[in-house]
Amino acid sequence: MEKIKISEQEIINSLCVYIADKRRVSPEQVEMELMYDDDYGFSAEAHVNGRSQILITANIIEALRFYIEHELNRDPFAAKLELKLDDDEGIIAYVQ
């Protein structure tokens, strides 16, 4: 598999679709904020129907695997995923 870069917006979209699937709502009903902390690493906060949920790095990776399978039509477990914090592009992911 060639190396693919997933933008911050695509990561947010994948998280929205992932949470929507889990909560049985439409992706448009999900608000998402990506975060990075030097001590805790990558995380996200989802808001659905007035409720908040914190997602840790493992949840983000799971959402990206969901995206790879359903949007890129590739084997999600054959790919190595790496999250990166980029000064210009924000939080991005590399799929290899």
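Everything below is about the structure printed above this text.
Now for a quick tour of the structure. (Residues numbered from 1 in each chain as written. Predicted model: local features only at pLDDT ≥ 70, side-chain atom pairs only at ≥ 80, totals over all residues. Heavy atoms only, no water.)

**What to know about the overall build of the chain**
- When helices and strands are tallied, the chain shows 2 helices and 6 strands.
- Across the chain, helices and strands are ordered from the amino to the carboxyl terminus as β-α-β-β-β-α-β-β.
- Against the 2.2 N^0.38 benchmark of 12 Å for 96 residues, the chain shows a C-alpha radius of gyration of 13 Å, consistent with a compact globule.
- Projected onto its principal axes, the C-alpha positions of the chain cover 40 × 30 × 20 Å.
- The buried share of the chain, reckoned over its 96 residues, is 40%.
- Within the chain, contacts between residues at least 6 apart in sequence are counted, and of these 46% link residues at least 24 apart.
- When the accessible surface of the chain is summed, it comes to about 6,000 Å², and 42% of that surface belongs to carbon and sulfur atoms.
- Taking the average location of the 10 positive side-chain charges in the chain and that of its 20 negative ones, the two points are 7 Å from each other. (Helix = DSSP H or I, 4+ residues; strand = E, 2+ residues; numbered from the N terminus. Rg over C-alpha atoms; globule rule 2.2 N^0.38 Å. Buried < 20%, exposed > 50% of the residue type's maximum accessible area, 1.4 Å probe, protein only. Contact = heavy atoms within 4.5 Å. Areas by Shrake-Rupley, 256 points an atom, 1.4 Å probe, with all protein chains shown as cover. Lys, Arg positive; Asp, Glu negative; His and termini not counted. Charge placed at Lys NZ, Arg CZ, Asp CG, Glu CD.)

**With respect to the nonpolar core**
- Counting residues in each nonpolar core, the largest one holds 31 residues, and the members touching the most others are I11, L15, M32 and I60.
- At the level of secondary structure, the elements contributing two or more residues to this core comprise β1 (4–6), α1 (8–23), β2 (30–37), β3 (41–48), α2 (57–70), β5 (81–86) and β6 (90–95).
- If sequence neighbours within four positions are ignored, M32 has contacts with I12, L15, C16, I19, A44, E45, A46 and L55. (Core = buried A, V, L, I, M, F, W, Y, C linked by side-chain atoms within 4.5 Å.)

**Considering the side chain of R65**
- Within the fold, R65 resides in helix α2.
- The side chain of R65 is buried and forms no salt bridge, while D75, the nearest opposite charge, is found at 7.2 Å.
- A polar atom in the side chain of R65 sits 2.3 Å from the backbone oxygen of P76.
- Excluding residues within four positions of it along the chain, R65 makes contact with P76, F77, A79 and L81. (Salt bridge = Lys/Arg side-chain N within 4 Å of Asp/Glu carboxyl O. Polar contact = N/O pair within 3.5 Å; in protein donor to acceptor, adjacent residues only side chain to side chain.)

**Remarks on the sheet that holds β6**
- The strand order β1-β6-β5 describes an open sheet built from 3 strands, whose pairing is antiparallel. Only two strands of the sheet have a single neighbouring strand rather than two, namely β1 and β5. Adjacent strand axes in the sheet meet at a mean angle of 30° when their direction is disregarded.
- Both β1 and β6 contribute to a ladder of 3 bridges, which runs antiparallel. (Pairing = 2+ DSSP bridges. Axes fitted to C-alpha atoms, helices over the stretch in contact; angles between N-to-C directions.)

**Observations concerning the packing of aromatic side chains**
- Applying the stated criterion across every chain yields a total of 2 aromatic pairs.
- An angle of 70° between the planes, with centres 6.3 Å apart, marks the rings of Y18 and F66 as edge-to-face. Remark: F66 occurs in helix α2 and Y18 occurs in helix α1; sequence separation between them is 48 residues. For the pair Y18 and F66, a shared accessibility class is recorded, and that class is buried. (Phe/Tyr/Trp six-rings, centres within 6.5 Å; stacked < 30°, edge-to-face > 60°.)

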